[in-house]
Amino acid sequence: MNTDFSTDSVAADRRLAYWRDMVCTTFADIECRALSNAPFHASLADSGLDDVHFCESSASPVQISKNDALVRRSTHSNFMLCIQQEGLCVVDQCGREARLFPGDAALLDSVRPYRVTFPTPSKQLIVHMPREALLNVLSDAEHRNAHRLSGARGTVRLVAQFMQGLSAQLHRDGAIGAGGAVAGALKTGALELIASALSDADPASEQPAQIARYRLLYRARRYIESQLANPELTIDLVASQLSVSTRRLQQVFKDCGLEPPSRYLWQQRLEHCKAACESPEFAQHSIGDIALMHGFNDFSHFSRSFKAAYGCTPREYRNARG
């Protein structure tokens, strides 16, 4: 059975509360805190193979956590393999911290407190499996949490490709039965692949170059978000303010699996305008005022870009929600 959640159909000012109620509290026993003032967005698609579940999750910058009280209250007793697909992720559990770039993975244990931080919009595939099932094939699995499994390693690439392919098949209704011999064989194969990747892991610390990329990306995104009202803002200016070359800034976005920084700036402006069109706070402002507030100085260009992104003009979007 597949389960899907998304904030797309919820008003911007209610999305975070909806996500906390529908997913964080009811579905996963976790806490959630937004890390950006930008409009919140999140989605989750869950599919199951017996008692192994595959959750494809995407979200705005956010931090999720599970404290001692939530651990005691929770009915879940799972290991979770987090496979980073887009953006960045910092996993923190048992005094260990792992920074995940696209292609990397890390194991989390649901019976211990943890914190997972997504400083940028991210996408992740999370494989939930019963603790005892993984312990049956890897007896020391509970000591391997919060170690970075580098996507450069062959076993980790193989696990990521297999899990992503299996998740996609499961999410097509009827493609694979939830029970039976085929499901049992796939579940066994998935657990043994995960055990192999964990056994082959190198817990060595992250390379300094990766840490530098991560920090620069975080600074660039925060600066862009703080300067959206400036119509003169360009990627050259961002790079100058961060004391790096434009080429270096573009390469960092590419290395982290993201779209170019110029595209990120454009999307942020449109997303903030879209949220303003929904918000009662901006009800007395014209569409033109909203565009100017977020760095657009050509209304016709803004309107065309908005329609290309969301399928309607800003005025049509606002009227549909009035």
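Fair warning: this is a prediction, and the values are worked out from it, not measured in the lab. (Residues numbered from 1 in each chain as written. Predicted model: local features only at pLDDT ≥ 70, side-chain atom pairs only at ≥ 80, totals over all residues. Heavy atoms only, no water.)

**Student:** Just checking my understanding: could you explain the environment of Thr 75 for this structure?
**Tutor:** As for its position among the elements, Thr 75 is in the loop between helix H2 (68-73) and strand S6 (78-86). For Thr 75, a relative accessible area of 72% corresponds to the exposed category. Through-space distance from the C-alpha of Thr 75 to that of His 41 is 27 Å; in sequence the pair is 34 residues apart. (Helix = DSSP H or I, 4+ residues; strand = E, 2+ residues; numbered from the N terminus. Buried < 20%, exposed > 50% of the residue type's maximum accessible area, 1.4 Å probe, protein only.)

**Student:** I would appreciate a short explanation of the layout of surface pockets in the present structure.
**Tutor:** The probe, sized like a water molecule, is rolled over the atoms to show the empty space still left. Roughly 910 Å³ of volume is contained in the largest pocket. Lining the largest pocket are 35 residues, and of these His 41, Pro 121, Gln 267, Gln 268 and Glu 271 lie nearest its centre. For the lining of the largest pocket, the secondary-structure elements that each account for two or more residues are strand S4 (52-59), strand S11 (122-130), helix H6 (208-226), helix H9 (261-278) and helix H11 (299-310). Considering every element that reaches the lining of the largest pocket, the biggest residue donor is H9, with nine residues. Across the lining of the largest pocket, the residue classes tally to 14 nonpolar, nine polar and 12 charged. (1 Å grid on protein atoms, 1.4 Å probe; cavity = no way out; pocket = protein on both sides within 12 Å on 5 of 7 lines; lining within 4 Å. Points joined across faces, edges and corners; volume = space filled by probe spheres on them. Nonpolar A, V, L, I, M, F, W, Y, C, P; charged D, E, K, R; others polar.)

**Student:** Would you explain the sheet that holds strand S5 (residues 62-66) in this entry?
**Tutor:** Sheet strands line up and pair through hydrogen bonds in the backbone, either parallel or antiparallel. Here we have five strands laid out as an open sheet, ordered S2-S5-S10-S7-S8, and antiparallel in their pairing. In this open sheet, the two edge strands, each paired with only one partner strand, are strand S2 (31-34) and strand S8 (96-100). For this sheet, the mean angle separating the axes of adjacent strands, direction not counted, is 15 degrees. Bridge count between strand S7 (residues 89-93) and strand S10 (residues 114-118): four bridges; the pairing is antiparallel. If you follow Val 91 over to S10, its bridge partner there is Val 116. (Pairing = 2+ DSSP bridges. Axes fitted to C-alpha atoms, helices over the stretch in contact; angles between N-to-C directions.)

Read these as layout, nothing more, since geometry by itself doesn't imply function.
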